[in-house]
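Each chain, written out:
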Amino acid sequence: MISAQGYAAHDPHSPLVPFAFERREPGPHDVRIDILHCGICHSDLHQARNDWRNALYPMVPGHEIVGRVAAVGEQVNKFKVGDLAGVGCMVDSCRTCSSCREGLEQYCENGVTFTYNARLRGSDALAFGGYSDVIVVDENFVVKISPKLDLKAVAPLLCAGITTWSPLRHWAVGVGHKVGVIGLGGLGHMGVKFAHALGAQVVMLTTSPEKAIDAVRLGADEVVLSTDRAQMKRHARSFDFLLDTIPNGHDLNPYTALLKRDATLVLVGALTELTPPLSGGSLIGGRKRIAGSAIGGIAETQEMLDFCAEHGIVSDVESIAIQSVNAAYERLLKNDVKYRFVIDMATLKTAP
Ligand code: NAP
Ligand code: ZN
Ligand code: ZN
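Residues numbered from 1 in each chain as written. Chains lettered and ligands numbered in written order. Predicted model: local features only at pLDDT ≥ 70, side-chain atom pairs only at ≥ 80, totals over all residues. Heavy atoms only, no water.

Enquirer: Just checking my understanding: could you explain the site of ligand 1 for this structure?
Expert: Neighbouring ligand 1 are 27 residues, the closest being H42, T206, T207, S208 and R340. Between ligand 1 and S208 there is a distance of 2.5 Å, counted from an oxygen atom to a side-chain nitrogen or oxygen. Note that a nitrogen atom of ligand 1 is positioned 2.9 Å from one of the backbone N or O atoms of V268. Its free accessible area being 930 Å², ligand 1 has 87% of it covered by the protein chains. With respect to the detected pockets, ligand 1 is housed in the largest pocket. (Near = heavy atom within 4 Å. Polar contact = N/O pair within 3.5 Å; in protein donor to acceptor, adjacent residues only side chain to side chain. Areas by Shrake-Rupley, 256 points an atom, 1.4 Å probe, with all protein chains shown as cover. 1 Å grid on protein atoms, 1.4 Å probe; cavity = no way out; pocket = protein on both sides within 12 Å on 5 of 7 lines; lining within 4 Å. Sits in = over half its atoms within 2 Å of the grid points.)

Printed below as a string of structure tokens:
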């Protein structure tokens, strides 16, 4: 076994603390990655604090992982020692169901194996995530990272990037579309960059007026303060597509009112109940659609990373020491991050 060091949550209320555990030695199809950087997704906070009522402790969060390949199994042909590599939200799936066969492993009908807060496939052992120094993953769930990009700023692409890229591509967003991104956080700032790069007219819908300048810098053509009814009214029935990244249950009605006939609002943020109730009339009166979307498949993740390398797109990050992870969680809750915290894993070796 490989000795690993990381930070873990042990219950919903206590801070994350240093944690020693073991990883398997690489099997024939496995890649061992020495982790260099790991992003902090709002999902890490939800899961560490058991917001989704499915927490398994001890929990080593982290699913925005980039690092360098340190060893490969004898059957591995996609990677060699020294390559840069990334791991996102999934480390395995059944590989045989229709979703897996279509490259949509995130919708595996037999249950995808998430990177953490999950049990390893065919085992009772817990899966531990990227707030750690090393990870061992089947090569089919590892993606290639271009050395052209700033590595720490690539890490958030593995979740925030693919979660916004996938719906924009699935709904074929591009030139001639008016697209709204709701919430300028980790996901939202990638949504703005991608929608802009795909040629859409981008409107940032934010509750934070002080983020307007950044929104424009990131690629928004216009900024709307979503708490200002007059501003929202000016955009009524005008959007082709809305990407909603708000992390908690919220009122969808002001947003469905912004959709054109036949337009779609895609939820990626709230995984819990949405309140107050949704007005049926608002949807019926314009043949509008509300949809959801989860991360993206492995092939699609590689496509997104290749697009980023070609267009020089990365996340805007604040690099932190792992010892600051609990302070970072508090700042994330206060909406005080521009626009993704990324843990510099070299700091694991310094005193706790
Ligand atoms: P984040 O960095 O905290 O950003 C969320 C943004 O939403 C905030 O910056 C804020 O933007 C806005 N916001 C926060 N609370 C709000 C409220 N009560 N009402 C209205 N707006 C609010 O979070 P993130 O990492 O982007 O994650 C967003 C959500 O997506 C989380 O729930 C996460 O679990 C989920 N997620 C889903 C998937 C998936 O596969 N579907 C993947 C990754 C993450 P403004 O200041 O601009 O208003
Ligand atoms: Zn995530
Ligand atoms: Zn499957």
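Enquirer: Would you explain the coordination of the zinc ion (ligand 3) in this entry?
Expert: Octahedral metals with six donors have ideal donor angles of 90 or 180 degrees. Tetrahedral metals with four donors have an ideal donor angle of 109.5 degrees. Listed as protein donors to the zinc ion (ligand 3) are C94 (SG), C97 (SG), C100 (SG) and C108 (SG); their distances from the metal cover 2.3 to 2.4 Å. In this structure, the zinc ion (ligand 3) is coordinated by four donor atoms arranged in tetrahedral fashion, with angles at the metal of 102 to 120 degrees. In the primary sequence, the donor residues of the zinc ion (ligand 3) line up as C-x2-C-x2-C-x7-C. Taken together, the residues span a long stretch of sequence, with C97 in the loop between β6 (90–92) and α2 (98–101) and C108 in the loop between α2 and β7 (113–114) at a distance of 11 residues. By relative accessible area, which is 10% here, C108 ends up buried. (Donors = N, O, S within 2.8 Å, 3.2 Å for Na, K, Ca; no water. Tetrahedral: all angles 85-135°; square planar, octahedral: opposite > 155°, others 65-115°. Helix = DSSP H or I, 4+ residues; strand = E, 2+ residues; numbered from the N terminus. Buried < 20%, exposed > 50% of the residue type's maximum accessible area, 1.4 Å probe, protein only.)

Enquirer: How should the packing of aromatic side chains be read in this particular structure?
Expert: A ring pair, where both rings are aromatic, is described by two values, the distance of the centres and the angle of the planes. Counting across every chain of the model gives six aromatic pairs. Taking 5.5 Å as the distance between ring centres and 65 degrees as the angle between the ring planes, the aromatic pair formed by F19 and F128 counts as edge-to-face. In this pair, F19 is assigned in strand β2 (residues 17–23) and F128 in the loop between β9 (126–127) and β10 (134–138), connecting sequence segments 109 residues apart. Like F19, the residue F128 is buried in the burial classification. Ring geometry for W171 against F241: centres 6.1 Å apart, planes inclined by 45 degrees, an arrangement best described as tilted. Residue W171 is found in the loop between α4 (160–170) and β12 (178–182), and its partner F241 is found in strand β15 (residues 239–244); the two are separated by 70 residues along the sequence. On the basis of relative accessibility, which here comes to 27%, the residue W171 falls in the partly exposed class. Owing to a relative accessible area of 2%, F241 belongs among the buried residues under this scheme. (Phe/Tyr/Trp six-rings, centres within 6.5 Å; stacked < 30°, edge-to-face > 60°.)

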